[in-house]
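Coordinate analysis (summary)
Each chain, written out:
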Amino acid sequence: MSGDHLHNDSQIEADFRLNDSHKHKDKHKDREHRHKEHKKDKEKDREKSKHSNSEHKDSEKKHKEKEKTKHKDGSSEKHKDKHKDRDKEKRKEEKIRASGDAKIKKEKENGFSSPPRIKDEPEDDGYFASPKEDLKPLKRPRDEDDADYKPKKIKTEDIKKEKKRKLEEEEDGKLKKPKNKDKDKKVPEPDNKKKKPKKEEEQKWKWWEEERYPEGIKWKFLEHKGPVFAPPYEPLPESVKFYYDGKVVKLSPKAEEVATFFAKMLDHEYTTKEIFRKNFFKDWRKEMTNEEKNTITNLSKCDFTQMSQYFKAQSEARKQMSKEEKLKIKEENEKLLKEYGFCIMDNHKERIANFKIEPPGLFRGRGNHPKMGMLKRRILPEDIIINCSKDAKVPSPPPGHKWKEVRHDNKVTWLVSWTENIQGSIKYIMLNPSSRIKGEKDWQKYETARRLKKCVDKIRNQYREDWKSKEMKVRQRAVALYFIDKVFKNLQLFMENKQPEDDLFDRLNTGILNKHLQDLMEGLTAKVFRTYNASITLQQQLKELTAPDENIPAKILSYNRANRAVAILCNHQRAPPKTFEKSMMNLQSKIDAKKDQLADARRDLKSAKADAKVMKDAKTKKVVESKKKAVQRLEEQLMKLEVQATDREENKQIALGTSKLNYLDPRISVAWCKKWGVPIEKIYNKTQREKFAWAIDMADEDYEF
């Protein structure tokens, strides 16, 4: 039937359809009747859901008439418009048929009900949609349903009609494309979420798996935004006064700024030291005007009280800031970090350690430093040397300024440098410890120390022989090497009968010693000796102190004791923290409270056991088991607190951090953690894990230094 009908004229087609309609006339009428009844019920439900308040009767009638018209036409107005041209030809042929037959046939051909539903459902129910399905068009546009609609092929249409239909479908497709685009835009969202972990993995650059650059070359491409300068000075409010000899003196901006440095330290011990006061006053006067110099001649007559109180109030206000204010400051800092805190090095984003220039202030120094109190001047762009690659974009200096110099030196690792005015030392902006450059340097340091392991016995035998040398220079060199090797701390014993200004090794200097070390082993320095001794000691102590049956807290205590042995070897001492006694008291109170809880839990367990002996039922047995678990949990918590107290007491005057970060091969600690199931987080914090990412990835539990 499908091929022959393309050659029949329209009259044959009409006769065929007329005969077909007579066969099913009664059935279609019955179906139409039922459909109308169902439609009326649906209209009532729809009106209730759409209109919460009653509307005028006339508007209700109009609405129903509109719906009836839609039903008679066999599709919505929107659907009609889309197939208008195609339906013109059909209407001529359908005039001879009854209106009910025409309606049913059009519904079938135009696919008013979705094609899958026509196929799946029985013929009698083909045009009865559920109320939920009927209400769908009220919730979303009809176009969404039409997007997936494909009209059924009309078997009797001629070639011209078929071409026309295809053109209409293409036009409809073009109109619907934006919607498909919108849908496509939503699709990548889950993909982006899946890709996020990949981005994080990409940020963790496994540089240790790549081929190293030739000796001396640090990078091939380097681009950064330059430093962040200290904010400009903000003058004090008019209400804050400076007094000299009891009288108010209005200071010039430069002199006032330096005066605030002293005022901020007014309660500090430094401002009572004579050398500090002398150096400060000398540098302060350099910033004064001639008039101020003539007026202010004695620091003892200066009154900085109001200034000091103002800064204390400012400090207190910062502490009392609301969460919103703190969040705003945090966001500003993060924005600054995002812009200036990273550089691009060899196509990888690397974190910069200290991108902010230190603000001006007063030099403090250690102990009784002769330059304490001197003015650390404000660093300007004209003091700054920028280092980047030739093909990189040079960072722009602040408006009205220029850089001192721009270099393209890929044999150094610094990004920015300047010379400070107190000691004349060069300051640098470098990369973060987690960067490739820093990691490579650490890795190389520990590998050199490992090489020393192969020849250390030979070196020790040699310097012991040299102790007996007749040449004083050789003998001093051998003793110095012994000190380096053994980190001997009682040097005062060897200073007898010598004046304080006398050299202990008067026939030896660092150049001679370093040359001798290089002769013994390539790359050998005093620091390599120190690194070797620290690392080998840690490895030996961990083997001796770690018991396989210990729990995690006990194993961590063993690790800290091994680390402590290294710190003592390296003479890494510290003064007990000021808050040590208070923190120990708090910890002890926690231990006492936990002991009380444990005693109560044990009494409860004893009572539960007694009840279980009498009752002998499942319920009391469960109670006993529950009480047992509670006792075990409290015992573990108590032991953890006691271990913490022991550890804290033993570390009171020992600095473990210095050796852990600078002298201990991190692969030893990583291997120990992997071997005994101790989380690496218990040994290294987040920053340290980033610094030693290469070691964490590289070492397995069998690693040997």
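Residues numbered from 1 in each chain as written. Predicted model: local features only at pLDDT ≥ 70, side-chain atom pairs only at ≥ 80, totals over all residues. Heavy atoms only, no water.

Our focus in this paragraph is the overall build of the protein. A count of helices and strands for the protein gives 27 helices and twelve strands. For the protein, with 705 residues in total, the buried portion stands at 36%. When the accessible surface of the protein is summed, it comes to about 46,000 Å², and 50% of that surface belongs to carbon and sulfur atoms. (Helix = DSSP H or I, 4+ residues; strand = E, 2+ residues; numbered from the N terminus. Buried < 20%, exposed > 50% of the residue type's maximum accessible area, 1.4 Å probe, protein only. Areas by Shrake-Rupley, 256 points an atom, 1.4 Å probe, with all protein chains shown as cover.)

Within the structure shown, the criterion is met by 21 aromatic pairs. The interplanar angle of 25 degrees and the centroid separation of 4.5 Å between the aromatic rings of Phe-262 and Phe-280 together place this pair among those described as stacked. With Phe-262 in helix H12 (residues 253–264) and Phe-280 in helix H13 (residues 274–286), this pair connects stretches of sequence that are 18 residues apart. The exposure class assigned to Phe-262 is buried, which follows from its relative accessible area of 2%. Judged by centre distance (4.9 Å) and plane angle (45 degrees), the rings of Phe-262 and Phe-304 are tilted. Of this pair, Phe-262 sits in helix H12 while Phe-304 sits in the loop between strand E4 (302–303) and helix H15 (305–319), and the two are 42 residues apart along the sequence. The exposure class assigned to Phe-304 is buried, which follows from its relative accessible area of 3%. Three or more aromatic residues joined by ring pairs make a cluster, and in this case those are Phe-242, Phe-262, Tyr-270, Phe-276, Phe-280, Phe-281, Trp-284 and Phe-304. (Phe/Tyr/Trp six-rings, centres within 6.5 Å; stacked < 30°, edge-to-face > 60°.)

This part is about the sheet that holds strand E9 (residues 385–387). Strand order in this open sheet of four strands is E10-E9-E11-E12, and the pairing throughout is mixed. Edge positions in the sheet fall to strand E10 (405–407) and strand E12 (426–429), since each of these pairs with one other strand and no more. Taking each pair of neighbouring strands and ignoring which way they run, the sheet shows an average axis angle of 20 degrees. Here four bridges tie strand E11 (residues 416–419) to E12, and the two strands are oriented antiparallel to one another. Considered in E12, the bridge of Trp-418 is made with Lys-427. (Pairing = 2+ DSSP bridges. Axes fitted to C-alpha atoms, helices over the stretch in contact; angles between N-to-C directions.)

Closest axis-to-axis distance for the helix H17 (residues 436–466)/helix H18 (residues 472–486) pair is 8 Å, and the angle between their directions is 140 degrees. In terms of orientation, H17 lies oblique with respect to H18. Seen from above, H17 lies across H18 with left-handed handedness. Residues Ile-459, Arg-460, Tyr-463 and Asp-466 of H17 form the contact with H18, whose own contacting residues are Val-474, Arg-475, Arg-477, Ala-478, Leu-481, Tyr-482, Asp-485 and Lys-486. (Parallel < 35°, antiparallel > 145°, perpendicular 65-115°, else oblique. Left-handed = near helix turned anticlockwise from the far one by under 90°. Contact = heavy atoms within 4.5 Å.)

Moving on, we come to the packing of helix H21 (residues 552–569) against helix H25 (residues 666–676). To characterise two packed helices, one gives the angle between the axes of the helices and the distance between these axes. Viewed as axis vectors pointing N to C, H21 and H25 meet at an angle of 160 degrees, and their least axial separation amounts to 12 Å. Taken together, the axis directions place H21 and H25 in an arrangement best described as roughly antiparallel. Here H21 runs over H25; the crossing is right-handed. Contacts from Lys-555, Ile-556 and Tyr-559 of H21 reach H25 at Ser-669, Trp-672 and Trp-676. Along the lines of polarity and charge, the residues of the contact of H21 with H25 split into four nonpolar, one polar and one charged. (Nonpolar A, V, L, I, M, F, W, Y, C, P; charged D, E, K, R; others polar.)

An order of E1-E5-E6 is seen for the three strands of this open sheet, with the pairing classed as antiparallel. Only two strands of the sheet have a single neighbouring strand rather than two, namely strand E1 (222–223) and strand E6 (348–351). Relative to E6, strand E5 (residues 342–345) is paired through four bridges, and the arrangement is antiparallel. When the sheet's bridge partners are listed, Met-345 is paired in E6 with His-348.

A cluster of basic residues, Arg-212, Lys-218, Lys-441 and Lys-527, forms a positive patch at the surface. Mapped onto the elements of the fold, Lys-441 is located in helix H17. Overall, Lys-441 belongs to the exposed group, its relative accessible area being 60%. (Patch = residues over 30% accessible without salt bridge, like charges linked within 9 Å, V, L, I, M, F, W, Y side chains within 5 Å. Salt bridge = Lys/Arg side-chain N within 4 Å of Asp/Glu carboxyl O. Lys, Arg positive; Asp, Glu negative; His and termini not counted. Charge placed at Lys NZ, Arg CZ, Asp CG, Glu CD.)

So, on to the nonpolar core. Ranked by internal contacts, the top residues of the largest apolar core, which has 48 residues, are Leu-452, Ile-459, Leu-524, Phe-529 and Trp-694. It is H17 that contributes the most residues to this core, eight residues altogether. Leaving out residues up to four positions away in the same chain, Ile-459 has contacts with Leu-452, Leu-481, Leu-520, Leu-524 and Phe-529. Judged by nonpolar contacts, the second largest core, of 28 residues, contains Ala-255, Phe-281, Trp-284 and Met-372. (Core = buried A, V, L, I, M, F, W, Y, C linked by side-chain atoms within 4.5 Å.)

In this fold, Gly-439 is placed in helix H17. Residue Gly-439 is classed as buried on the basis of its relative accessible area, which comes to 0%. Separated by 252 residues in sequence, Gly-439 and Lys-691 have C-alpha atoms that sit 6.9 Å apart.

So, about the pattern of salt bridges. Evaluation of the coordinates by the stated rule reveals 21 salt bridges. Between Glu-447 and Arg-667 there is a salt bridge; the shortest N-O distance is 2.7 Å. Taken as a pair, Glu-447 in helix H17 and Arg-667 in helix H25 lie far apart in primary sequence, 220 residues in all. Owing to a relative accessible area of 28%, Glu-447 belongs among the partly exposed residues under this scheme. Put simply, Glu-447, Arg-450, Asp-665 and Arg-667 are held in one network by salt bridges that share partners.

On average, residues of the protein score 75 in pLDDT, and 68% of them reach the 70 mark or higher. Low pLDDT, under 50, characterises residues 47–84; the predicted model gives this stretch 31 contacts beyond four residues in sequence or across chains. Contacts from residues 170–201, a stretch scored under 50 in pLDDT, to residues over four places away or in other chains number seven contacts. (pLDDT = per-residue confidence, 0-100.)

A few words on helix H22 (residues 580–615). Counted at 1.5 Å a residue, the expected span for H22 with its 36 residues is 52 Å, and the 52 Å between its end C-alpha atoms agrees. For H22, the set of buried residues is Phe-580, Met-584, Leu-587, Ile-591, Lys-594, Leu-598, Ala-601, Leu-605, Ala-608 and Ala-612. Buried residues along H22 sit in contact with helix H23 (618–650). Positioned one or two residues after H22, Lys-616 has a phi angle of 55 degrees, which is positive. (Expected span 1.5 Å × (residues − 1).)

Now for the side chain of Glu-257. By the secondary structure assignment, Glu-257 is in helix H12. Judged by its relative accessible area of 15%, Glu-257 falls in the buried class. Once residues lying within four places of it in the same chain are set aside, the contact partners of Glu-257 are Tyr-233, Pro-360 and Arg-378.

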